[in-house]
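What follows is the residue order along each chain.
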Amino acid sequence: MSTIPYEPSLYAPERLAEVLPNPSAVDDAAVERYLADGYLAVASVFDADEVVAEVERVEALAAGDMAQLDEGVNPTGPDAAASDRVRKLCVSPAESREVGMPVDHAGLMGVVQRLMGGRVPRLYQAMALLKPPRGGGEKPWHQDHAYFNVPVGQRIVGVWIALDAATVANGCMQLLPGQHHDGPVVHFKRRDWQMCDTEVLGQASVAAELEPGGALFFDSLLPHGTPMNTSTERRRALQFHYAPVDAPDWTVEQRLAVFGSEGRDVEC
């Protein structure tokens, strides 16, 4: 098993996220909770057959040339999957539709449209995020908006879809509720492009455990991270981001002026 390269208390949630039973439960009160907390967990967004189809698609893609390998993982044994050496599969919005990713899934899009407050969403990013058993890599605490060339203030909705049961043990998403209201945080190149660990240490996080087919909807400014998978169970997931179709673009320089280039004048 790989050595854990971070302070374990970075990922010590005080509670689990409430999970709504299905997309139909996303009512006005749920939308208000999303706006306040920055996230909403919903079960049964995909049915069992859809989950099986997406697992097969991810495994096929993992065997191709889109895969970013997780060099810290060296799977062995007859039960190893193609995805067991892969950290991430990134595809463009156009490619996502070409390979059949469910980026226009009706149940998913119904929730996204509600959370965007009537603005028309467009797919901004599509990927699969994979944590093989016994050492699948950490994604340090960060804000997704730090990666996006879209002005802060434009409401970008992320969707994280569990293809396996996602648990604290195998590296489910952990969140800092409400902290999207605090705005952008300076990011640094440390273990990844990330928030400084000292921004998170000592804070009470929430873990979003999900059954296969469940989805976490979250604001692009909400701090979140996922620890290493030190369990014997795989943790495969899809992740899509949707921006308003009329949102303007930023340059890389404009984004880094807000989120930091090697921390600007801030220590880490």
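Located above this text is the structure these notes cover.
Residues numbered from 1 in each chain as written. Predicted model: local features only at pLDDT ≥ 70, side-chain atom pairs only at ≥ 80, totals over all residues. Heavy atoms only, no water.

Asker: Is there a simple way to think about the environment of Val19 in this case?
Answerer: Tracing the chain through its elements places Val19 in strand 2 (residues 19-20). Looking at Val19, the relative accessible area reads 34%, which means it is partly exposed. Expressed as a C-alpha distance, the spacing of Val19 and Glu211, which sit 192 residues apart in the sequence, is 9.9 Å. (Helix = DSSP H or I, 4+ residues; strand = E, 2+ residues; numbered from the N terminus. Buried < 20%, exposed > 50% of the residue type's maximum accessible area, 1.4 Å probe, protein only.)

Asker: Sorry, what's going on with the pattern of salt bridges here?
Answerer: One side chain can pair with another of opposite charge once the charged atoms of both are near each other. On inspection of all chains with the given rule, the structure shows 12 salt bridges. Ionic pairing is found between Arg114 and Asp28, a salt bridge with its closest N-O pair at 2.4 Å. Taken together, the residues span a long stretch of sequence, with Arg114 in helix 4 (residues 106-115) and Asp28 in helix 1 (residues 28-37) at a distance of 86 residues. On the accessibility criterion, Arg114 (35% relative accessible area) is partly exposed. One salt bridge connects Arg234 with Asp84, and the closest N-O pair in it is separated by 2.8 Å. Placement of the pair is Arg234 in the loop between strand 14 (224-226) and strand 15 (235-244) and Asp84 in the loop between strand 4 (67-69) and strand 5 (86-91), with a sequence separation of 150 residues. The exposure class of Arg234 is partly exposed, given its relative accessible area of 22%. Relative accessible area serves as the criterion here: at 4%, Asp84 is assigned to the buried category. Overlapping salt bridges, with partners in common, bring together Glu59, Asp164 and Arg236 in one network. (Salt bridge = Lys/Arg side-chain N within 4 Å of Asp/Glu carboxyl O.)

Asker: Looking at this structure, I do not really get the pairing of strand 8 (residues 157-162). What am I missing?
Answerer: Regular strands place side chains that alternate from one sheet face to the opposite one. Among the 6 residues that make up strand 8, 6 are buried, leaving the element largely enclosed by the rest of the structure. Pairing of strand 8 with strand 13 (residues 215-219) involves 5 bridges; the strand directions are antiparallel. Within strand 13, the residue paired with Val157 across the bridge is Asp219. (Pairing = 2+ DSSP bridges.)

Asker: Hey, could you run me through the nonpolar core in this one?
Answerer: For soluble globular proteins, the rule of thumb is that nonpolar side chains tend to be buried together. Grouped together as the largest cluster of nonpolar side chains are 38 residues, with contacts concentrated most on Leu108, Val159, Phe217, Phe240 and Tyr242. If you look at the next biggest cluster of nonpolar residues, it comprises 19 residues, including Cys172, Ala208, Leu210 and Ala237. (Core = buried A, V, L, I, M, F, W, Y, C linked by side-chain atoms within 4.5 Å.)

Asker: Would you explain the side chain of His145 in this entry?
Answerer: Position of His145 relative to the elements: it lies in the loop between strand 7 (139-142) and strand 8. Overall, His145 belongs to the buried group, its relative accessible area being 1%. Among the polar contacts made by the side chain of His145, one reaches the main-chain carbonyl oxygen of Pro151 at a distance of 3.5 Å. Once residues lying within four places of it in the same chain are set aside, the contact partners of His145 are Val150, Pro151, Val152, Gln154, Ile156, Ser220, Leu221, Arg255 and Phe259. (Polar contact = N/O pair within 3.5 Å; in protein donor to acceptor, adjacent residues only side chain to side chain. Contact = heavy atoms within 4.5 Å.)

Asker: Could you clarify how one ought to interpret the state of the cysteines in this entry?
Answerer: Among covalent bonds in proteins, the disulfide is the one between the sulfur atoms of two cysteines. Across all of its chains, the model carries 1 disulfide by this definition. Across the disulfide from Cys196 sits Cys268; the S-S distance is 2.3 Å. When the S-S torsion is 95°, as for the bridge of Cys196 with Cys268, the disulfide is right-handed. Linking Cys196 in the loop between strand 11 (193-195) and strand 12 (206-208) with Cys268 in the segment after helix 5 (252-259), this pair joins segments that are 72 residues apart in sequence. The buried category is assigned to Cys196, whose relative accessible area is 5%. (Disulfide = S-S within 2.5 Å.)

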